Amino acid sequence: MGAYVLRRIGQMIPTLAGVMLLIFVLFNAVGGDPALVLAGKITNKEQIENIRKQLGVDQPYHVQLGYFAFEVATGFTCTWRSFTEKPDAAKAPANADLKAGPKADPKADPKAATKAASPSGCQAVRSWSTNEEVPKILMTRIGPTLTIMIPVLVLETIIAIFLAIGVAYVRGTLTDRMIMMICTVAMSISFLVYIIVAQYYFGFKWGVFPVQGWSDNFWKNVVTYAPLPVMLAIFVGLAPALRLYRSFFLDEINNDYVRTARAKGLSENTVLLKHVMRNALIPIITNVGIAIPSLFVGSFLLESFFSIPGLGREILVAVNRSDFPVIKAATVYLAMITMIINLLVDVAYKAIDPRVTFK
Amino acid sequence: MSAVLTSPPTPRHQASPGLWTLAWRRLKRDKIGMVALVVVAFFLLLMIGSYTGLIAKNWAKEVGVSYANPSFMAGAENLEAAQAATKDTGAKVPFVDLSDIDPLAPKYAEWEKRTAEIKITDTPRADTLLFGGDKWGRDVIQKAIKGAETSIFVGLVAALLATFIGTVLGGLSGYMGGKTGDFLEWFYNVFTSIPYILLILAFAAVFKRGIDTIIFILAFTGWTGIYRLVRAEYIKHASREYVKAAQAIGATHTRRMFVHILPNVSHVCLVQLSSHVVQFIKAEVILSFLGLGVPVDSVSWGTMLAEAQSELVIGKWWQLVAASVSMALLVTAFSMLTDSLRDALDPKIK
């Protein structure tokens, strides 16, 4: 087990280096001269040269790559220092420049405030458009994203499992085929259409929920602003999840142990809910595990439609502004999170399924 | 003697039907699959027709009034068009003599004369269009057809490219193994460790907008799933007897990979191609909606939805319905076709 984890961590290093290389090639080599993006309409050669010097893009590529690796590392040290430093240093106007209060998660809040000050002269890479420290931007945006995405994942999985059992129970009947048909049609409509229509009816026309918005209060967000996007995400995610989970249940239903259970005289309910369920849960959990890393990216569509100051929206804004440091940092850090979560899921898998052995 | 001559000829050896013949037979029996195939073929014909200019050639022409009503609800009021009409006649502004202070005053006479020389022909604009018009009075149906052309073209070409990349890399990795395999596995791991959406957005941030760019982005980020499956197939096949036999008669690696093994895994590629077309059409619509997809001067289902968002608030629903229904129809048909293909091409079923 320990050896397995160590080996997996060892495999992560070349992968991470590859991710950084890919991002570097993409943004520093392919992605045009950032000075021209930044300078906008300035055509003064000297000024452009100055910007290039400031960004370090006048250096040869291997030096730039070194800078990039350094930037990634400082992101960690700055974040780490902000955790360890005493909060009294955080008197500086921390979040004054943030438009929307990103303090959805009360736990994340003091950390964000502390980090803003960084009195120890920690030089994290800064956003090109807002001049904020990039690690700080990312940390403050992750709260709202998780406020939306965690309920989505939990509720969607539970609802989909129970619907899938129901459909598997009536397998092969007209009801089953109708539901599967509806799922296929529902999946073919663009997510955009669902959002536009739901926002129009629930928000604009009937006023059940606010059309969009976010506040500084965690509970207010959960009660007022989150329900509509969460419901939408569940509704859209349900059809593919239901189809998949149904196939997992049907894979199990034809096994010998099910016949044995029935032959013992167990009721169909017990067979389905106890015997089949336990085995079908294994692929379901794998599937949920795969979905966990995407929690952090969030649904950038939902976030931008509903003005939720989350990571997805931040990345989208950065893409539109050609704010390369933000995109680069988000990609590298999220790739790290993805790798770590995948490892944790694989380890947790062992706890669920005793047949799993680590190779 | 004669009996021998007239006896029926002995039945010749019948070639046993191959995978594709069997699959086609199974697909023909699958009613839903055939209906889906017809719908998909219809959309492909639409695409070709619109590409060659046979239909929807005049999609950009402003044939109706602004937000022209669909003809089945001709009676509904159209405030936007009415407003535009009153604007043309010119609002009555009380005349104030500014000639003393207006520095442009001496030029007015000359300008008026020159304006008179230019003839403006007002094209007659229809009050209603078959399924309504957009803000500029363009026919929504023609727009939807043109949008279908863009979206299907992007989805199809990107899926072909992604399948090509995935098959070649997957084949190399699975067949060669060793160092090449390790390197390609590393490459695959790099691409899959970045969340997919983020990968697309990172690519979109760097490249300029355009149809060719979005095809490239979708293909270059979407090959990983195909790679995984094709690699597994190649690993399975590389040690089979027929490949060893090919080696024994001196077939090169390339020949073994692409002439001997590829036909045996091509059904996997075809199913993946089909499911990626669906996935990429959906992705293109979302990217174009966000302004990261097709350029401004072309129309796709995504840009139509982007316009429809603000139109819905003023009660003009037809563009939203046109774009989403045509997209839903194609995507449903394509997904069902994919399912049928998967069943038909499953070599386990005889």
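In what follows, the structure referred to is the one given above.
The following paragraphs examine the structure supplied in this document.

Criteria and thresholds
Residues numbered from 1 in each chain as written. Chains lettered and ligands numbered in written order. Predicted model: local features only at pLDDT ≥ 70, side-chain atom pairs only at ≥ 80, totals over all residues. Heavy atoms only, no water. Helix = DSSP H or I, 4+ residues; strand = E, 2+ residues; numbered from the N terminus. Buried < 20%, exposed > 50% of the residue type's maximum accessible area, 1.4 Å probe, protein only. Contact = heavy atoms within 4.5 Å. Areas by Shrake-Rupley, 256 points an atom, 1.4 Å probe, with all protein chains shown as cover. Rg over C-alpha atoms; globule rule 2.2 N^0.38 Å. Lys, Arg positive; Asp, Glu negative; His and termini not counted. Charge placed at Lys NZ, Arg CZ, Asp CG, Glu CD. Phe/Tyr/Trp six-rings, centres within 6.5 Å; stacked < 30°, edge-to-face > 60°. Salt bridge = Lys/Arg side-chain N within 4 Å of Asp/Glu carboxyl O. Axes fitted to C-alpha atoms, helices over the stretch in contact; angles between N-to-C directions. Parallel < 35°, antiparallel > 145°, perpendicular 65-115°, else oblique. Left-handed = near helix turned anticlockwise from the far one by under 90°. Nonpolar A, V, L, I, M, F, W, Y, C, P; charged D, E, K, R; others polar. Buried area = accessible area lost by both parts, 1.4 Å probe. Polar contact = N/O pair within 3.5 Å; in protein donor to acceptor, adjacent residues only side chain to side chain.

### Here's the deal with the overall build of chain A
- A tally of helices and strands in chain A yields 15 helices and zero strands.
- Looking at chain A as a whole, 46% of its 359 residues qualify as buried.
- Taking the intrachain contacts of chain A between residues at least 6 apart in sequence as the baseline, contacts between residues at least 24 apart amount to 72%.
- Accessible surface, chain A as shown: approximately 17900 Å² in total, 64% of it carbon and sulfur.

### Details of the overall build of chain B
- In terms of regular secondary structure, chain B is built from 14 helices and two strands.
- A globule of 350 residues ought to have a C-alpha radius of gyration of about 20 Å, yet chain B, at 30 Å, is considerably larger.
- Seen through its C-alpha atoms, chain B measures out along the principal axes to roughly 115 × 65 × 35 Å.
- Out of the 350 residues in chain B, the part that is buried amounts to 45%.
- The contacts in chain B between residues at least 6 apart in sequence include a share of 76% that link residues at least 24 apart.
- About 19400 Å² of surface is accessible on chain B, with carbon and sulfur atoms providing 65% of the total.
- Treating the 34 positive side-chain charges of chain B as one cloud and the 28 negative ones as another, the clouds have centres 16 Å apart.

### Description of the packing of aromatic side chains
Residues and elements named next belong to chain B.
- Across all of its chains, the model carries 27 aromatic pairs over all chains by this definition.
- With a centroid separation of 6.4 Å and an interplanar angle of 15°, the aromatic rings of Phe183 and Phe187 are classed as stacked. Placement of both Phe183 and Phe187 in helix H7 (residues 178–193) is noted, with a separation of four residues, approximately one turn of the helix.
- Under the relative-accessibility criterion, Phe183 is labelled partly exposed at 48%.
- Overall, Phe187 belongs to the partly exposed group, its relative accessible area being 24%.
- Members of the aromatic cluster, each reached through a chain of ring pairs, are Phe183, Trp186, Phe187, Tyr188, Phe191, Phe203, Phe207, Phe216, Phe220, Trp223 and Tyr227.

### Details of the pattern of salt bridges
All names here are of chain B.
- Inspection of every chain in the model, using the stated rule, returns 15 salt bridges over all chains.
- One salt bridge connects Glu149 with Lys146, and the closest N-O pair in it is separated by 3.0 Å. Within this pair, Glu149 and its partner Lys146 are both found in helix H6 (residues 140–176), separated by three residues, close to a single helical turn.
- A relative accessible area of 11% means that Glu149 is categorised as buried.
- Overall, the relative accessible area of 18% leaves Lys146 in the buried class.
- Two residues, Glu233 and Lys236, come together in a salt bridge whose shortest N-O distance is 3.3 Å. In this pair, Glu233 and Lys236 are both assigned in helix H10 (residues 224–238), three residues apart and thus about one turn of the helix distant.

### Some remarks on the packing of helix H11 (residues 256–263) of chain A against helix H12 (residues 268–297) of chain A
Residue and element names in this part refer to chain A.
- Across the interface, H11 lies against H12 with an axial gap of 10 Å and an inter-helix angle of 155°. For the element pair H11 / H12, the angle class is roughly antiparallel. Here H11 and H12 pass one another in a crossing that is right-handed. Within the contact between the two elements, H11 uses Tyr257, Val258, Ala261 and Arg262 and H12 uses Glu268, Val271, His275, Val276 and Asn279.
- Partitioning the contact of H11 with H12 into residue classes produces five nonpolar, two polar and two charged.

### Regarding the interface of chain B and chain A
- In this assembly, 36 residues from chain B lie in contact with 42 residues from chain A.
- Between chain B and chain A the total buried area reaches about 3500 Å² when both faces are included, carbon and sulfur atoms providing 82% of it.
- A per-residue breakdown of the area chain B buries against chain A is headed by Ser193, Leu198 and Val206 of chain B, which together make up 15% of the total.
- Applying the counting rule to chain B against chain A returns one salt bridge.
- Where Arg243 of chain A meets Asp339 of chain B, a salt bridge forms, and the shortest distance between an N and an O atom there is 3.2 Å.
- Where chain B meets chain A, there are six residue pairs in polar contact (both at pLDDT 80 or more).
- Secondary-structure elements contributing two or more residues to the side of chain B that touches chain A are H7, helix H8 (196–206), helix H12 (253–289), helix H13 (301–313) and helix H14 (318–345) of chain B.

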